[in-house]
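Structural overview for review
Given next are the chains, with one letter for each unit.
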Amino acid sequence: TGADEGVALAAEHDGQIVGIALAQVDAAHGTMRILDVRIDYDPVLLDELHDLAIASALEAAATALEGRREGVTIAATNSTPTDVVTEMDRRTEASLVGRILGARPDDGILGEEGADHVGSSGVRWILDPIDGTVNYLYDLPSWAVSVAAEIDGVVVVGVVVAPALRETYVAV
């Protein structure tokens, strides 16, 4: 299509993540331009964020999947009648926030359903508790729990769990 896409590349040493490069890919021309390189991330911190993101997303996805079997209640609509929020969106976001802040109380949180916690650690979590709520509502399998962590405004970990499809995607 010629559209540019952003990618993050991780560098490892002895099984530890030691750096991240942010790049812009031009698929039409087969080129990549490095935008930024960060090598100052603590590999122990990245591992901690990675592990917490996966555990939180898997737990929330299991809760949402079980909740789908019990039936779905619409809690509200946002900008349009098809932009719905379910009770499970809110419950799943609350679960994610509780799990993350329970492990890392100094981190910030930004959640799609309204969670907003200012942190002091330089780490902020970005949450979409049910990405694809309309699919969830109509019992279609293409929905997921999405969790990302950023350090000083740079996303360093991302996890997407699509439990109805039995798929998990992780990026560091």
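Now for a description of the structure that goes with this document. Keep in mind that what you see is a predicted model, and the values were worked out from it rather than measured.

With that out of the way, let us pick up the overall build of the chain. When helices and strands are counted, the chain shows three helices and eleven strands. In the chain, the order of α-helices and β-strands from amino to carboxyl end is β-β-β-α-β-β-α-β-β-β-α-β-β-β. Buried positions account for 34% of the 172 residues belonging to the chain. Counting only contacts in the chain whose residues sit at least 6 apart along the sequence, the fraction spanning at least 24 positions is 40%. If you sum the accessible surface of the chain, you get close to 9200 Å²; carbon and sulfur atoms cover 52% of it.

Attention now moves to helix α2 (residues 87-103). An ideal rise of 1.5 Å per residue puts 24 Å on 17 residues; α2 measures up with 25 Å between its terminal C-alpha atoms. Here α2 has its buried residues at Met88, Asp89, Thr92, Glu93, Leu96, Val97 and Ile100.

What follows covers the packing of aromatic side chains. Tallying each qualifying case throughout the model produces one aromatic pair. Plain terms: the ring middles of Tyr136 and Trp143 are 4.8 Å apart, the flat faces sit at 80° to each other, and that makes the pair edge-to-face. Like Tyr136, the residue Trp143 is buried in the burial classification.

Position of Ser146 relative to the elements: it lies in strand β9 (residues 144-151). In this structure, Ser146 is in contact with Ile126, Leu127, Asp128, Asp131, Val159 and Val160, ignoring residues within four places of it in sequence.

Turning next to the nonpolar core. Judged by nonpolar contacts, the single largest core of 26 residues is most densely connected at Leu49, Trp125, Leu127, Val147 and Val156. Among the secondary structure elements, those contributing two or more residues to this core are α1 (43-70), α2, β8 (123-131), β9 and β10 (154-162). Among the elements that make up this core, the one with the highest residue count is α1 (seven residues). Membership of the second largest hydrophobic core comes to five residues, among which are Ala64, Met88, Ile130 and Tyr136.

Quick notes on the rules
Along each chain, residues carry numbers from 1 onward, in the same order as the chain's sequence is written. Local features in this predicted model are restricted to residues of pLDDT 70 or higher, and side-chain atom pairs are both shown and tallied only at a pLDDT of 80 or more, whereas totals for entire chains, interfaces and linings draw on every residue. Hydrogens and waters are ignored; side-chain quantities use all the structure's heavy atoms. Each helix is a run of H or I in the DSSP string that is no shorter than four residues. Each strand is a run of E no shorter than two, and both are numbered from the N terminus. With a 1.4 Å probe rolled over the protein chains alone, any residue whose accessible area is under 20% of its type maximum counts as buried; one over 50% counts as exposed, and the rest are partly exposed. We call two residues in contact whenever any of their non-hydrogen atoms come within 4.5 Å of each other. The protein chains shown are the only cover counted for residues, whose accessible areas, like all others here, come from Shrake-Rupley with a 1.4 Å probe. Multiplying 1.5 Å by the helix residue count minus one yields the expected span of that helix. Each Phe, Tyr or Trp ring, with Trp reduced to its six-membered ring, pairs with another whose centre is within 6.5 Å; inter-plane angles below 30 degrees give stacked pairs, above 60 give edge-to-face pairs, and intermediate values give tilted ones. Here, nonpolar core means buried Ala, Val, Leu, Ile, Met, Phe, Trp, Tyr and Cys residues that are tied together by side-chain atoms lying within 4.5 Å of each other.

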